[in-house]
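Residue-level structure breakdown
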Amino acid sequence: MSPKPALRINTTTLWEYPSQHYASASGVTEQGDRDYVGATPSWILWQLLQRYTRPKDLVVDPMCGSGTTIDVARDLGRRALGYDLNPQRSDIFRADARHLPLEPEVADFVFVDPPYSTHVDYSDDPACIGKLSAGGDDNGRAYFDAMERVIAEIDRVLRPDRCMALYVSDSYQKGSGALGRCPRGRLMPIGFELFMRLRRPFVPVDVVTVVRHNRKLEQGNFHKAAEEENFFLRGFNYLFIMRKPPGDRRSQAPRDRVEARGERRGKHGTDRPRDRQGAGKTVRPTSERRKGGKSSTPASREDSGSGQRSGVPRKGPPAATRSDEDRALREFRRRGRNPRRAPKPGKGTPPKKGT
Ligand SMILES: C[S@@+](CC[C@H](N)C(=O)[O-])C[C@H]1O[C@@H](n2cnc3c(N)ncnc32)[C@H](O)[C@@H]1O
């Protein structure tokens with residue numbers, strides 16, 4: 001067996017993994033289980049955890065399968081929690097990714113490699129998302145609704161200003177025959193659909209394409225059919241890397257965020273800088289400042305909670321961006337001064353149905 005290539009951080013958005021597993025410094029040559037159908041290449045996890053986590057960070061995988069994420073996280077000195085409906089080992093907890101038994105905002109990084117439609121029969125569990133077609137009679141609605149709930153759960157457990165990554169492929173259902181030169185099959189653009197849903201709670205950090213190396217692609221008859229029937233085999237997976245914006249957007253009133261920006265509403269409804277030097281600077285939201293930047297959850301108590309560990313400042317985006325705060329300000333204006341008050345009907349809002 002030829003030695004595995006040395007690990008190096010990838011610097012472009014086109015990734016080609018040299019082998020499904022890497023050889024760790026401790027001599028381990030397999031992470032997860034190579035025989036688990038649909039196992040994630042451990043090399044991808046290595047790249048992500050090197051860039052977006054630090055030692056002792058808590059890494060969570062809500063669809064952990066054979067445990068690749070856990071193995072890579074531990075190899076790199078990170079803490080890890082893995083869940084799956086069909087756990088393959090005793091250190092993976094049985095749970096539905098839509099209801100994780102975890103407190104809010106405890107994870108420093110979340111990775112998820114979900115089922116891509118119905119290609120693999122993972123288990124008999126009716127809650128398995130791999131039983132839902134992304135291109136079924138319902139146009140994939142049940143699949144995307146389920147994935148939307150997984151994304152919402154990831155948002156709930158991820159700490160603000162931390163990253164998550166979702167690894168997924170589009171899918172193509174072959175049809176019979178062709179209409180002229182136009183194939184009858186059906187493309188399920190799962191990547192674009194999930195990216196749209198990820199963008200609601202998260203801010204995109206980057207989009208990586210990972211060259212696929214699955215066994216189908218090595219078989220000549222698949223290539224022959226693709227040519228004769230005029231369709232494409234899936235040659236890449238998407239790796240969407242997203243960041244959760246800072247601050248607790250559910251509990252934090254927009255007013256706090258306006259204050260955090262160093263601006264306040266003027267007498268005539270205009271916003272002006274409280275202090276010119278502060279304008280445009282990034283500041284932590286008031287609620288976070290009040291708490292001293294610490295979360296009250298047990299897992300985060302182990303960490304500094306300040307975004308810094310071992311005196312090393314966390315790299316990456318600033319604490320709050322102009323666009324986040326501008327959005328908060330617009331929302332504040334839309335709702336009026338009291339953020340809890342719904343906008344009055346007739347004042348720029350459509351009337352309720354049936355009234
Ligand atoms: C692509 S595999 C993940 C592979 C894994 N990253 C690895 O390296 O072994 C998708 C996993 O999602 C799990 N799954 C499907 N629906 C689920 C759900 N509702 N909650 C939790 N896990 C689910 C399946 O059991 C399967 O293990």
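Note that the coordinates shown come from a computational prediction; the quantities given were computed from them, not determined experimentally.

Another aspect to go through is the overall build of the chain. A count of helices and strands for the chain gives nine helices and 16 strands. For the chain, with 355 residues in total, the buried portion stands at 34%. Counting contacts in the chain only where the partners sit at least 6 residues apart, residues at least 24 apart contribute 64% of the total.

With that settled, consider the pairing of strand β3 (residues 79-84). β3 sits mainly inside the fold: five of its six residues count as buried. As paired elements, strand β2 (residues 58-61) and β3 share four bridges and run parallel to each other. Along β3, the bridge assignment pairs Asp 61 with Gly 82. In this fold, the crossover linking β2 to β3 by way of helix α2 (residues 68-75) has right-handed handedness. In this structure, β3 lies alongside strand β4 (residues 92-94), joined through three bridges in parallel fashion. Paired with Asp 84 across the two strands is Arg 94, which belongs to β4.

In space, the eight strands of this open sheet follow the order β1-β11-β12-β6-β5-β2-β3-β4, with mixed pairing throughout. The outermost strands of the open sheet, each flanked by one partner alone, are β1 (14-15) and β4. Bridging between β2 and strand β5 (residues 107-112) involves two bridges; their strand directions are parallel. Bridging from a neighbouring strand, Val 60 pairs with Val 110 of β5. Sitting on the sheet, helix α1 (residues 42-52) touches β2, β5, β6 (158-168), β11 (203-211) and β12 (236-243), and the angle it makes with β5 is about 155 degrees. Lying over the sheet, α2 contacts β2, β3 and β5, oriented at roughly 175 degrees with respect to β3.

What follows concerns the site of the ligand. In the vicinity of the ligand, 25 residues are found, and the nearest of them are Met 63, Gly 65, Ser 66, Thr 68 and Ala 97. For the shell around the ligand, a count of residues per class yields 13 nonpolar, nine polar and three charged.

Chain-level pLDDT for the chain is 75 on average; 66% of the residues reach the 70-or-more range. Low confidence marks residues 250-326, where pLDDT is under 50. Its contacts with residues over four positions away, or in another chain, come to 97 contacts. Segment residues 335-355: pLDDT under 50, and twelve contacts once partners within four positions in sequence are set aside and those in other chains are kept.

With that out of the way, let us pick up helix α3 (residues 141-157). Over its 17 residues, α3 extends 25 Å from the first C-alpha to the last, a length consistent with the 24 Å expected when each residue adds 1.5 Å. Tyr 143, Ala 146, Met 147, Val 150, Ile 151, Glu 153, Ile 154, Asp 155 and Val 157 are the residues of α3 that are buried.

The next subject is unusual backbone geometry. Here Ser 117, not a glycine, exhibits a phi torsion of approximately 65 degrees, which is positive. Its location among the elements puts Ser 117 in the loop between β5 and α3. Not every positive phi belongs to a glycine, and Asn 230 is a case in point at roughly 60 degrees. Mapping Asn 230 onto the fold places it in the loop between α5 (220-228) and β12. On the basis of neighbour count, Asn 230 is assigned to the partly exposed category, with 14 C-beta atoms found within 10 Å.

Let us look at the packing of α1 against α2. The contact between α1 and α2 brings their axes to 9 Å, and the two run at 45 degrees. By the angle between their directions, the pair α1 and α2 is classed as oblique. Every pair of crossing elements has a handedness; the one defined by α1 and α2 is right-handed. Contacts from Ser 42, Leu 45, Trp 46 and Leu 49 of α1 reach α2 at Thr 68, Thr 69, Asp 71, Val 72 and Ala 73.

What counts as what
- Residues numbered from 1 in each chain as written.
- Predicted model: local features only at pLDDT ≥ 70, side-chain atom pairs only at ≥ 80, totals over all residues.
- Helix = DSSP H or I, 4+ residues; strand = E, 2+ residues; numbered from the N terminus.
- Buried ≥ 20, exposed ≤ 12 C-beta atoms within 10 Å, placed from the backbone.
- Contact = placed C-beta atoms within 7 Å.
- Pairing = 2+ DSSP bridges.
- Right-handed = clockwise from strand over helix to strand, strands pointing away.
- Axes fitted to C-alpha atoms, helices over the stretch in contact; angles between N-to-C directions.
- Near = placed C-beta within 6 Å.
- Nonpolar A, V, L, I, M, F, W, Y, C, P; charged D, E, K, R; others polar.
- pLDDT = per-residue confidence, 0-100.
- Expected span 1.5 Å × (residues − 1).
- Parallel < 35°, antiparallel > 145°, perpendicular 65-115°, else oblique.
- Left-handed = near helix turned anticlockwise from the far one by under 90°.

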